[in-house]
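Notes for the structure review
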Amino acid sequence: MRWAPVLFLPAPMLGSHFRSFLPPAPTDQNAPLPFADFRLTPRYPAKSPLDDVLRLVLPGSDEYVTEKYASEIMPLLDEWSRAIRATPSTPTVVAKFLDASVEVTSLLPTEEIKLRSGDGIELFRRRFASKVIAGRERFVAGVKAYLAGMSQVETAEFEIVGVEEIAGSSSAVNIAIRYDFVGTRPDMAREERVGQWRTRWSRDQSGAWRVLKWEANEEIVSRAREPIFTDVTSQAFGQTESYRTQMLRGVDHWRTVLDGACGIDVYGNNGVAAGDIDNDGFDDLYVCQPSGLPNRLYRNRGDGTFEDVTEHSGLDVLDNTACALFADFENKGLQDLLVVCASGPLLFLNQGKGKFLIKREAFKFARPPQGTFTHAAVADYDGDGLLDIYFCLYSYYLLFRIALRLRVWTWTTTAIASRALGVTRDLMACPTSMWPTTSDEAISISTRAMGLFPRSQPQRASRNPARG
């Protein structure tokens, strides 16, 4: 037994039975260990299917060679973005990747149309001239004049949204670049410009990318004379421990801390619900979390700050939660909470004094739902005074009705969709909303939506058993 775990025996063994074949222990504490270069190379009986996938991860390693072009040009745009945020008045970085005889259109607009104005925000559409001029210096001067309208640039984002190889050329491509500038004007007004440039790039003799053509067509400009929103998150939640220790850390952090068995995913698509749980006139917040992290209920103190009342309320759900909705399902004047977990919905009834109680078996499905719950919307579908719920699933849409009778919840499903709603289509789930409307309008909306996809199994809707 002493020979089996030879590689894991403690250091004193070096002085006993194995001195004959083990190298002497180094006297220098900084010297590398004798087994520093030792490696165990596992040999698998079959090749992993991931090998073929990982081989194609690098852009340009498959037939989509334009991905490689985009990955090589994007760092040049990122460098320009950093330079604009640092010193917008000196656009020297862009000159590095411009051809000396680059053809460009003017970046100064020839037309500006006001689209709308209200609530402190003005929206304009700008158009640019189509006349082409040549010369690197003229374009650099145009960029400087274009950015002169902003004394400070906080956001300068570029995104390659299209790459097209030019027929007959092995080194030239057309690149569509979406841009987004956000900054402060000299008069302290806020401004954002969003548009798209059409550019042509080619490699020079050294293999470096150079811009041969740069065209501006149209952009949307929004202005506000003063800040519309101010970020007060840290002031509102900074006093709560759960905000500092849980909310400020992203999914990437928690995936390295939590056991993978809890099921935390990489997406972080979890919603937030707002509602007044204690009728004090201030909206409280319920923050949904991925698997393994407790959802949090923050009560609005009314002074601009929130306190964590999750444990007191009984709403510390650990299941992967897609979204939640506050609504008065019992018509008793208190807002209950619908928690939509990936595995199914949970209903918590408001007991008053900040406490909630889960309603066991609130949802009874005639058949198990097929798919993952992703979203829900609440409205009085047929105007009977009872709130109805529309659930979204990754694979199927289900429509349910609430029937409240002597404080007994009845959730059933029947196949009435084919006749009443025409819901016989398989859909990919996405967030939705329901507004008070007539049933005919709601049916027509559902029918138009369902008509986009191939025929599948009929969807299921619930009916109030008391009405047949």
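One can find the structure itself at the top, above this paragraph.
As a starting point, this report considers the structure included with it.

**Regarding the overall build of the protein chain**
Looking only at helices and strands, one finds 9 helices and 21 strands in the protein chain. Each of the 468 residues in the protein chain was classed as buried or not, and the buried ones make up 36%. In the protein chain, of all internal contacts separated by at least 6 residues, the share reaching a separation of at least 24 is 57%. As presented, the protein chain carries roughly 27,400 Å² of accessible surface, and 54% of it is formed by carbon and sulfur atoms.

**Quick word on the packing of aromatic side chains**
Within this structure, the stated rule accounts for 19 aromatic pairs. Seen from their ring centres, Trp80 and Trp214 are 5.9 Å apart, and the 85 degrees between their planes marks the pair as edge-to-face. In this pair, Trp80 is assigned in helix α2 (residues 66-86) and Trp214 in strand β8 (residues 209-224), connecting sequence segments 134 residues apart. Of the two residues, Trp80 and Trp214, both sit in the buried class. Grouped by ring-pair contacts, the aromatic residues Trp80, Phe97, Phe139, Tyr146, Phe158, Tyr179, Phe181, Trp197, Trp201 and Trp214 constitute a single cluster. A cation sits over an aromatic face here: Arg193 above Tyr146, 4.6 Å from the ring centre. The ring of Phe124 is capped by Arg223, whose NZ or CZ atom sits 4.6 Å from the centre of that ring.

**What to know about the nonpolar core**
Among the nonpolar cores identified, the biggest contains 37 residues, and Trp80, Phe158, Phe181, Trp197, Trp201 and Trp214 are the most heavily contacted of them. At 8 residues, the largest contribution of residues to this core is made by α2. Setting aside residues no more than four positions away along its own chain, Phe181 makes contact with Ile84, Tyr146, Leu147, Met150, Thr155, Ala156, Phe158, Glu191, Glu192, Arg193 and Trp197. Core analysis: the next-biggest nonpolar cluster, separate from the first, contains 15 residues, Val317, Leu337, Val339 and Cys341 among them.

Rules of the game
- Residues numbered from 1 in each chain as written.
- Predicted model: local features only at pLDDT ≥ 70, side-chain atom pairs only at ≥ 80, totals over all residues.
- Heavy atoms only, no water.
- Helix = DSSP H or I, 4+ residues; strand = E, 2+ residues; numbered from the N terminus.
- Buried < 20%, exposed > 50% of the residue type's maximum accessible area, 1.4 Å probe, protein only.
- Contact = heavy atoms within 4.5 Å.
- Areas by Shrake-Rupley, 256 points an atom, 1.4 Å probe, with all protein chains shown as cover.
- Phe/Tyr/Trp six-rings, centres within 6.5 Å; stacked < 30°, edge-to-face > 60°.
- Lys NZ or Arg CZ within 6 Å of the ring centre and 35° of its normal.
- Core = buried A, V, L, I, M, F, W, Y, C linked by side-chain atoms within 4.5 Å.

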